[in-house]
Each structure stands twice: as C-alpha cells, then as structure tokens.
Amino acid sequence: MKVLVPVKRVVDYNVKVRVKADQSGVETANVKMSMNPFDEIAVEEAIRMKEAGKADEIVAVSIGAAQAQETLRTALAMGADRAILIETDELVEPLAVAKLLKAVMDEENPGIVLLGKQAIDDDSNQTAQMLGALTGWPQATFVSNIELGDGSLEATREVDSGLETIKVNMPAVVSVDLRLNEPRYASLPNIMKAKKKPLDTKSAADYGVDVTPRLKTIKVAEPEARSGGVIVGSVAELVDKLKNEAKVL
Amino acid sequence: MDFALTEEHKMIRESARAFVEAELMPYEDEVEKTGEVRPELLEQIKQKSIENGFYAANMPAELGGGGLDALSVTILEQELSRTSMALQYAVARPSGILMACNEEQRERYLLPAIRGEKVDCLAMTEPDAGSDVRSMKATAVKDGDHWVINGTKHFISHADVSDFVILFVATGEEDTPRGKKKLITAFLVDMGTPGFEVAPGYESVSHRGYHNCILNFDNCRVHETQILGEVHKGFAVANEWLAGTRLQVAAMCLGRCERAIEVASEWAATRKQFGQPIGKNQGVSFKLADMLTEFKCAELMTYYASWKLDQGTMTDSDAAMAKLKATEALAMISDEAIQILGGMGLMNELPLERIWRDHRVERIWDGTSEIQRHIISRAMLRPLEQ
C-alpha cells in the first residue's frame, strides 16, 4: 500500500507570531519555519505503517514556495521514500490544496492519505474534509488511533463528547490529531540518506489546477491585549462586582 | 562566498536540538544536584544516541560512524553543548586520534569505540606538565617486547567511565637547536592492566558529573603492540587531533553562548522594573547586542575553521583563533547574562549559574587562551624572523 502524506511549511510553533506592519499578514521574513506539527504526526504514522509491513511506499507532498523543499527533506529524513513539491508563491487556500492533492492522488493511487487535522498557521481545518468530498473517499478526521484492517480501518476520533471509534473502507482520507503518536527526530544516517531520495518539483499548472485565491484578506490584526484581572477580597465583593460592574447576574 | 548552511546541516541542527531537549535536558537538574550521571542514565543516553546515529557521529561512515564533515561535527557539537558537559559527554565522540590504529588495534579499540562497546579517554597532562606538555615525567622503558610504564597523569577527563586510555609518555630524548627535548610515544592501555590504577581526581567548579581522574602507573607492563602510531612519534598522531579538539571546544562554547543569550533575552523582554521591561534600558539592551555580536563572531570563526578543515586548509592558527574567540565570548556572555538577570542569574533554577561555572575551564583546557595566542602570534612572526 502506498501512503500519501501532505506536509505544510509553517512558522515554527515556538515562534511568537507577529503581524506585519502593513497588516497584510504575519511576519515570515527571518522567522524559523518548520513542518506543521500535525503533519509530522502524519509522517510518523506513515512510517510506523511501513515499519509494521502494512505500507510499502511513503510519498510526501508539499504545496508552497521553493523553501518548502526543506520541509520535504525533513519528511524524507524521517523516513518518507520520495517527495513531490508543487511550487507556487500564491497563498494557496484549502480548496485549491485539496484539488491539487486530488490530482496527485489520481497519479499516485495511494491506499490512504494521512494528513494533519489542520495547519498551525491558518488553522483552517478544511483540507482533509474537502479532499474526502472531492475524491468521494471515506474520511476519518481528528484521529488519535488507527487500526488497519483488511480493506478497512478503525479510527478513534477525538470529539467533543469523548472518543468515537468508526470503521471506514479503504482507500480513505485520515486527518490526524495530536495524541496519535510522538514523531521521531530524524536520525543522522537518515538525514544523510535523505539527500539521495527523489524530490520532484511541479507547478500547479502541471496539474491543471487554478490556485488563484478566492478570498481577499482585508487586514490581519493582533487580538486585543487582555487587561489584567482583579483579586477580590471576599465572595460578597465578587457577587457585587458581577451584579453591578459586569452586570451578568 | 557562500555562508548558507546546506539542508543537511540544518536538519542535523534541528534533529540534534530536538534530541537534546527530549533526552538530555530533563536530567540537567539531577546531574547538577548529585554530581553524578547514574550508570543506567548513561546507558540510556548511549543507547538512544546509537539509535539516532549521534553516537560516534564524528567518525567515518565506512567504520560505522556518522560520516559527518567537519562543519556538521561542529554543528552537532554546538547543539549537544546546549546541555551540561556530563550529559553531552554521554553521546560519545571517540577521539579522532584512534584513526591512527593499525589493523589489529582497529578491531580491539577503534571499532568497539565507534559501536559504543568501549569508551576511550586521553592522558597527556601531568601535575608538572600542563602547557609545557613535552616536559612530562611519565616514562615507558623498553624491556624485550614489552614497555614498562611509570608516572602519574592528572586532570584526565572521564577516565572513571572509560575502558582504555590513549596514553602519552616520554620514551627518550633528542637534541634540538633549543636544547634537549623529550620524545613522546602514544600507548593504548586497558583499564585493569596490572600496575595501572585510576584514582578519583579533584572536585572541580566546572562540569559537575563529568569527572577528572588521576592515573597512576607503577611498573605497568604493556606489549609493544599497544603502541599507537610509531615509537617516539606520539605527537605525530596527536597533532591533527589537537587542532580538531580545539574546534570541538570552540563549538561547545557556541551552544552554551546561545543558551545563555536565550535566557537573558527572555528575561530582558519580560522582567519589569520601574514599570517597564528591563530590556528597554540601554544598560541592558546594549549588553544583549554586544553578547549577540560576540557570539556571531565566534560562530563565524568556528564555522570558517571547520569549513577549512573540510577543504584540507585549516591551520593551527585557524583552530587556535576559533577556540580563543569562542571561549572568551562564552566568558563574557555568561557573565553579562547573569548581570542582566541579577540575583536570579545565580540561582540554580536557571541554567545560567551552571554555564557560568562551566565556562571557566574552556579558557584553560585543550590549550589555555595564552597558548592559543602563542600559536597565533608564532604563525604571524616566524615568517618575518631574520
């Protein structure tokens, strides 16, 4: 079985994100970029499937600027077999991402698509669901455990009320959640091997997909800073403030 | 001119950083408080670093090492040194001097060291032979096909957890234009060889949990097949290694500089006094600027020397300048970082007091700052001498 793992290059989770002075977006110049942490979990899961003998090839795909190559190399160093970069300088929206991924799937015929439930930059959480709809494949989202069966898989989903286990037929689109696994760090020998693994560069046009944004960003602003709280001296004072100041009682 | 690191260099950095944060840093407090790395912990770190290919990463790939270029070794060392010496040491990098092993010695020493089955240490320094290493008093005298070793070595790092020592002793004298000089030979001596005792060393202000030892040799007989390299040519095998070790020390300082700067910057940006973050005061912000500038200078020099080592053009002076700059930068940075934090900088809640204590040895071992200056200035003046 072939596993397709889309990965996104995002601002590193340790970076304190800042809004650009012209409010057109967030600052990415001279900012550390990394693989979206949820996608890292997807790559790890794919590798574990391969190590367990349930998958035979892992293909990582990224859509973005030329530098997204670095993200793909990281996936290769972790254990993916080959990579495809769909290079574009556009800010690609989830629907266009899903369309591009569908086009890749048509060529690659994977048995499963494993992807992060959302990217930590725009937090859209749409790609997996759109991809499921476009391909007509079953989808399992926010997955914290996967049991691969014969022609189907059981996925444990983290939902508001707790854990839900569903069975979906394969091939399927699976979006992964934080607790699925703990991604490995690339070992030194694998980093050295990654250099020799194939990485194809394509363009959106190669797949006949129009990636022109459908949304217009008016402005990006930081959330208002919270003003500090007050420590009240007694319950009576608290009730008084809730009644007369906050007017919530 | 291209200052860009390759994708591999960046990945080595990221992977090593993640490894250090997950596998080494959680034990920093324990090691500082107990002054020991528990044997089980040492073994755990060793196994994890073997799994991830960090163990013996400095050695050639065809021998089972990491096969890294010199710049990658420097970057790896920089990342490992973000934690304490005792923990960083557990991810062993066998001495490059072992590359001088002959075929038979490779099987018994070099390859087991790369596989993590044996640990090496190196003994050169004596109580009366520090910078003036050729004045060493420990000797080996030939007796048939054996050599008889006598003398004492001290400040021998991690000999307590080693399986064998690369030992340098005097085996004769030669006449030179500057008087008589001792001839030095390197031996591989197994721990437990009769007449060889490893005694605890001194309590040091630097590097808790990473012990120095005293080695006593009393009519210790070793077979001539234990000679590393050739008789009287000990320094021939040591010289290339010495420059490499200086780069290693320089790289170690870089990681500690970075960690100190991170702590100090975070503090300056968040600690409020007189109604504003202290970093708003030039007295603090200019310190930070100078610290980062010193660090970048040291980093560039160390990378440059490493790059030259890869090109085969590194001189003793290049390594000496990198070591001098990086060790002195760490001295300045660890001291100023504590000044920015004030009292809190001296408390063991934060890594600064350790970095500050540990930095002191860097300007001393593997050639003091003065010896480095001597190497640098000698290279400048010798060509001009009449």
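Scroll up to find the structure.
Residues numbered from 1 in each chain as written. Chains lettered and ligands numbered in written order. Predicted model: local features only at pLDDT ≥ 70, side-chain atom pairs only at ≥ 80, totals over all residues. Heavy atoms only, no water.

Caption draft 1: Structural view of the pattern of salt bridges. Counting across every chain of the model gives 46 salt bridges over all chains. Residue lysine 10 of chain B is joined to glutamate 70 of chain A by a salt bridge in which the shortest nitrogen-to-oxygen separation is 2.8 Å. Remark: glutamate 70 of chain A occurs in helix H2 (residues 68–78) and lysine 10 of chain B occurs in helix H1 (residues 7–24); the pair is interchain, linking two chains. Residue glutamate 28 of chain B is joined to arginine 354 of chain B by a salt bridge in which the shortest nitrogen-to-oxygen separation is 3.2 Å. Linking glutamate 28 of chain B in helix H2 (residues 28–34) with arginine 354 of chain B in helix H10 (residues 352–362), this pair joins segments that are 326 residues apart in sequence. In this pair, the class of glutamate 28 of chain B matches that of arginine 354 of chain B, namely buried. Through salt bridges with shared partners, a single ionic network connects Glu28, Glu32, Arg259, Glu353, Arg354 and Arg357 of chain B. (Salt bridge = Lys/Arg side-chain N within 4 Å of Asp/Glu carboxyl O. Helix = DSSP H or I, 4+ residues; strand = E, 2+ residues; numbered from the N terminus. Buried < 20%, exposed > 50% of the residue type's maximum accessible area, 1.4 Å probe, protein only.)

Caption draft 2: Seen up close, the interface of chain B and chain A. Listed by partner, the interface residues are 20 residues for chain B and 16 residues for chain A. Summed over both sides, the interface of chain B with chain A buries roughly 1400 Å², with 61% coming from carbon and sulfur. It is Glu7, Glu8 and Met11 of chain B in chain B that bury the most area against chain A; as a group they hold 39% of the surface buried on that side. With a shortest N-O distance of 3.5 Å, lysine 195 of chain A and glutamate 8 of chain B are connected by a salt bridge. Connecting chain B to chain A are six residue pairs in polar contact (both at pLDDT 80 or more). If one sorts the elements of the side of chain B that touches chain A by residue count, H1 of chain B sits on top with eleven residues. Of the residues assigned to the side of chain B that touches chain A, the class counts are nine nonpolar, five polar and six charged. (Contact = heavy atoms within 4.5 Å. Buried area = accessible area lost by both parts, 1.4 Å probe. Polar contact = N/O pair within 3.5 Å; in protein donor to acceptor, adjacent residues only side chain to side chain. Nonpolar A, V, L, I, M, F, W, Y, C, P; charged D, E, K, R; others polar.)

Caption draft 3: Seen up close, the environment of lysine 137 of chain B. Residues and elements named next belong to chain B. Following the sequence through the fold, lysine 137 ends up in the loop between strand E1 (120–123) and strand E2 (139–143). For the pair lysine 137 and threonine 171, spaced 34 residues apart in the sequence, the C-alpha separation amounts to 10.0 Å. For lysine 137, the contacting residues outside a window of four places in its chain are Glu126, Asp128 and Lys182.

Caption draft 4: The arrangement of the nonpolar core in detail. Membership of the largest hydrophobic core comes to 136 residues, with the highest contact counts inside it found for Leu114 of chain A together with Phe168 and Ile340 of chain B. Take this core: its biggest share by element is 18 residues, from helix H7 (residues 234–270) of chain B. Ile63, Val92, Val97 and Val209 of chain A belong to the second largest nonpolar core, which has 25 residues in total. (Core = buried A, V, L, I, M, F, W, Y, C linked by side-chain atoms within 4.5 Å.)

Caption draft 5: Geometry of the environment of aspartate 160 of chain B. Residue and element names in this part refer to chain B. Checked against the element boundaries, aspartate 160 lands in the loop between strand E3 (146–157) and strand E4 (164–176). Taking the C-alpha atoms as reference points, aspartate 160 and tyrosine 55, 105 residues apart in sequence, are found 19 Å from one another. Non-local contacts of aspartate 160, meaning those with residues more than four positions away in its chain, are made with Val198, His211 and Cys213. Within the structure, aspartate 160 has its side chain in polar contact with the side chain of histidine 211 (distance 2.8 Å).

Caption draft 6: A look at the packing of helix H9 (residues 316–341) of chain B against H10 of chain B. Residue and element names in this part refer to chain B. Running from N to C, H9 and H10 point in directions that differ by 155°, and their axes come no closer than 9 Å. Classified by the angle between their axes, H9 and H10 sit roughly antiparallel to one another. Our pair here, H9 against H10, has a crossing hand that is left-handed. Between H9 and H10, the contacting residues are Lys323, Thr327, Leu330, Ala331, Ser334, Asp335, Ala337, Ile338 and Leu341 on the first element and Leu352, Glu353, Ile355, Trp356, His359 and Glu362 on the second. Class assignment of the residues belonging to the contact of H9 with H10 gives a composition of eight nonpolar, three polar and four charged. (Axes fitted to C-alpha atoms, helices over the stretch in contact; angles between N-to-C directions. Parallel < 35°, antiparallel > 145°, perpendicular 65-115°, else oblique. Left-handed = near helix turned anticlockwise from the far one by under 90°.)

Caption draft 7: Quick peek at the side chain of glutamate 158 of chain A. Residue and element names in this part refer to chain A. The residue glutamate 158 is located in strand E8 (residues 152–159) in this model. Engagement of the side chain of glutamate 158 in a polar contact is seen with the side chain of arginine 179, the distance being 2.6 Å. For glutamate 158, the residues in contact, after removing those within four places along its chain, are Phe142, Ser144, Leu163, Asp177 and Arg179.

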